[in-house]
Amino acid sequence: MALLEEDEEVRQHITDPPTTRSHSLPAALQVLCALRTVDKQRPIKEGFFDEERFRIPNVIGLVDGSLIGIKTPSKDEETFVSRKKGHAINVQGICDHEMKFINLVVKWPGSTHDAFLWNNCSLNEDFENGNIDDGLVLGDSAYPLRPWLLTPILNPTNDAEESFNVHHRRMRRIIDCCFGKWKMRWLCLHKYGGLLRVKLETCVNVISATAVLHNICEQHGVPMPVDAPPNEDDNPEEDVNPPNPNFMREDGVQARNHIVQQYIVLCSWPGL
């Protein structure tokens, strides 16, 4: 398991005064936890690619957001109200094929859209600048379509596109399960456990620390608690929300079409 480290570029970025538009947490309360995976991309790609179940190649991670409930903050209270009407921090997580977090952003209040989280994280910047030139991340329709970030096809018109969405959805369930297992192990993060009733800075520390502990549990095969509550992140109906058309960049459409043609149409493996 890679070591937890704080990204210095993000540290510099978050020390800038927060804007009204971003509603970012104050600089002292922002944390980016990055579990670097440059040296582990090959086993991750191999772990994700499965001839029967997961036919999308070159995947290095699955991204999604998850809300962690908190008590009502004393400052900028309205920015923490999430789509579920409670106060929360919106956490962006990226996991590998073993349901371990490889990147975690604990930085934004609950009203922040998942696409905004992605567009303002250092990993997206690395892709945009060409620092990462190989590998794909899969996200749901809330995310922008890019050559390195593939989303579902909104209105599939043939069997190949339908099959792409099937494989895409199967793979994304891994990040749902990753978030679910994390919260089921630490009920302070789960809605059944109530809210994190500590100050914001401590909330960020608890979220970050439990993510690292989750990875350790997965690494060593620690079983789930026998009385664990249901997975609150297993909610597939949220995946059908149509994306903003502005999120669909042409080079992203071309990259996705290439995957459909090369790995869905031309392959005749079972399991669709």
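Conventions used here
- Residues numbered from 1 in each chain as written.
- Predicted model: local features only at pLDDT ≥ 70, side-chain atom pairs only at ≥ 80, totals over all residues.
- Heavy atoms only, no water.
- Helix = DSSP H or I, 4+ residues; strand = E, 2+ residues; numbered from the N terminus.
- Buried < 20%, exposed > 50% of the residue type's maximum accessible area, 1.4 Å probe, protein only.
- Contact = heavy atoms within 4.5 Å.
- Areas by Shrake-Rupley, 256 points an atom, 1.4 Å probe, with all protein chains shown as cover.
- Salt bridge = Lys/Arg side-chain N within 4 Å of Asp/Glu carboxyl O.
- pLDDT = per-residue confidence, 0-100.
- Phe/Tyr/Trp six-rings, centres within 6.5 Å; stacked < 30°, edge-to-face > 60°.
- Pairing = 2+ DSSP bridges.
- Core = buried A, V, L, I, M, F, W, Y, C linked by side-chain atoms within 4.5 Å.

Participant: Outline the overall build of the protein chain, supporting the account with residue identities and numerical values.
Facilitator: Helix and strand content of the protein chain: seven helices and seven strands. The secondary structure elements of the protein chain, listed N-terminal to C-terminal, are β-α-β-α-β-β-β-α-α-β-β-α-α-α. In the protein chain, buried positions account for 50% of the 272 residues. The long-range share in the protein chain, meaning contacts at least 24 apart out of those at least 6 apart in sequence, stands at 71%. On the protein chain, roughly 13,400 Å² of surface is accessible, and the fraction owed to carbon and sulfur atoms is 51%.

Participant: Account for the pattern of salt bridges, naming residues and giving values.
Facilitator: All told, the structure shown has six salt bridges when counted by the stated rule. With a shortest N-O distance of 2.8 Å, Glu218 and Arg185 are connected by a salt bridge. Highlighted residues: Glu218 in helix H6 (residues 200-219) and Arg185 in helix H5 (residues 159-185), separated in sequence by 33 residues. Residue class for Glu218 comes out buried when judged on its relative accessible area of 18%. Here the salt bridges do not stand alone but share partners, grouping Glu128, Arg249 and Asp251 into one network.

Participant: Account for the confidence of the model for the protein chain, naming residues and giving values.
Facilitator: Taken over all residues, the pLDDT of the protein chain has a mean of 81, while the share at 70 or more is 76%. Confidence, read as mean pLDDT per element, is least for strand E1 (residues 4-6) in the protein chain (32) and greatest for strand E6 (residues 136-138) (97). Scored below 50 in pLDDT, residues 1-22 makes 34 contacts in the model with residues more than four places away or belonging to other chains. Between residues 268-272, whose pLDDT stays under 50, and residues either more than four places distant or in other chains, the model counts 13 contacts.

Participant: Give a detailed account of the packing of aromatic side chains, specifying residues and quantitative values.
Facilitator: All chains considered together, the criterion is met by six aromatic pairs. When the centroid spacing of 5.6 Å and the interplanar angle of 55 degrees are considered together, the rings of Phe101 and Phe179 count as tilted. With Phe101 in strand E5 (residues 101-109) and Phe179 in helix H5, the pair connects residues that are 78 residues apart, well separated along the chain. With respect to burial, Phe101 and Phe179 carry one shared label: buried. Look at Trp118 and Phe127: their rings are 6.4 Å apart centre to centre, the planes differ by 35 degrees, and that puts the pair in the tilted class. In this structure, Trp118 and Phe127 share a single accessibility class: buried.

Participant: Residue-level account of the pairing of strand E3 (residues 59-69), with values.
Facilitator: Extensive coverage of E3 is indicated by the burial of 11 of its 11 residues. The pairing of E3 with E6 spans three bridges and is parallel. The residue of E6 that forms the bridge with Val59 is Leu136.

Participant: Which residues make up the nonpolar core, and what are the values?
Facilitator: Where a protein is soluble and globular, its nonpolar side chains tend to be buried together. With 38 residues, the main nonpolar core has Leu62, Ile89, Val91, Met171, Trp182 and Ile207 as its most contacted residues. When residues of this core are traced back to their parent elements, those giving at least two are helix H2 (41-48), E3, strand E4 (88-95), E5, E6, H5, H6 and helix H7 (250-265). The element that contributes the greatest number of residues to this core is H5, accounting for eight residues. In this structure Leu62 touches Phe48, Gly93, Ile94, Cys95, Leu138, Met171, Arg172, Ile174 and Ile175, once residues within four positions along its chain are discounted. If you look at the next biggest cluster of nonpolar residues, it comprises 17 residues, including Ile102, Trp108, Ala142 and Trp148.

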